Amino acid sequence: MTLLYRLYQLFIAAPLILADTILTAIATIAGCTIGNGHFWGYYPGRLWSQFIVRILLLPVKVEGREHLEKGKSYVFVSNHQGAFDIFLIYGFLGRNFKWMMKQSLRQMPLVGKACEAAHHIFVDKRGASRIKHTYDQARETLSDGMSLVVFPEGSRSFSGHMGTFRRGAFMLADELQLPVVPLTIDGSINVKPRTRDLYWVFWHPLRLTIHAPLQPSGKGAENIQRLMQTSYDVIMSALPDDLQGFEENPDQ
């Protein structure tokens, strides 16, 4: 079955994904340039993510959408198991949002330009002024009624275990008094692990758990710490037993 799945990826899935990626990037750039950036910055990417997951025959289970209120802004925070976290959240969260993403992704052909056009937020750590600009963008996005998705670990896991959370997303939520929604991703580490086979996708079910929003309680350092620690604990609680517990990530 592994050989058949790899042949399917090589001769069917990969060419279709490449074509769809090019078309999605062009549609996003053109749509955001001449039309509604919130619409064109989200829906083409959502359909692209769903297409990639479906064409690779990966089952998806989503739990907890009932926790989200229509028209409300949230700061979504998720564990970061692997590359397919992006497709799972973009395709199946069911909310319009902007990403906070690594600066290096800006260099990806077409995709980087599409992300710029969609006004996703690149985290630039090259100096204090650039870090401030990143958070000013995020603050403006949230103030405009949009939601934000952040991977507080900042990098993908090597093992599926969770590493350390950074405070930035929780500071924004505290400043704007917005609820934080923890997301648990499971299965992505099996689909595209960092430590195995650079080129192939491995078949494995994907699961996205949307937890109940954590409402602000006061404002300041105590609230930030509470949101960060509670989010961490809630996200980990939905992982399988073999992925429970902290594991240091050398990329952090």
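Residues numbered from 1 in each chain as written. Predicted model: local features only at pLDDT ≥ 70, side-chain atom pairs only at ≥ 80, totals over all residues. Heavy atoms only, no water.

Trainee: Hey, could you run me through the packing of aromatic side chains in this one?
Mentor: Here a ring pair, both rings aromatic, is described through the centre-centre distance and the interplanar angle of the planes. Tallied over the full model, the rule gives 14 aromatic pairs. Plain terms: the ring middles of tyrosine 42 and tyrosine 43 are 4.7 Å apart, the flat faces sit at 70° to each other, and that makes the pair edge-to-face. Judged by relative accessible area, tyrosine 42 falls into the buried class, the value being 1%. The structure contains a cluster of three or more aromatic residues connected by ring pairs, namely Phe39, Trp40, Tyr42, Tyr43, Tyr90, Phe97, Trp99 and Phe151. (Phe/Tyr/Trp six-rings, centres within 6.5 Å; stacked < 30°, edge-to-face > 60°. Buried < 20%, exposed > 50% of the residue type's maximum accessible area, 1.4 Å probe, protein only.)

Trainee: In this structure, what is going on with the nonpolar core? I would like to understand it.
Mentor: A general trend in soluble globular proteins is that nonpolar side chains are found buried together. The biggest cluster of nonpolar side chains holds 37 residues, and the ones touching the most others in it are Leu56 and Ile89. Contributions of two or more residues to this core are made by α1 (2-34), α3 (43-55), α4 (84-92), β3 (97-102), α5 (111-117), β6 (180-186) and β7 (206-210). Among the elements that take part in this core, α4 stands out by supplying six residues, more than any other. Beyond its immediate chain neighbours, meaning those up to four positions away, isoleucine 89 contacts Ser78, Phe97, Trp99, Val149, Phe151, Leu183, Ile185 and Leu208. Formed by 25 residues, the second largest nonpolar core is a distinct cluster that contains Met162, Phe170, Ala173 and Leu178. (Core = buried A, V, L, I, M, F, W, Y, C linked by side-chain atoms within 4.5 Å. Helix = DSSP H or I, 4+ residues; strand = E, 2+ residues; numbered from the N terminus. Contact = heavy atoms within 4.5 Å.)

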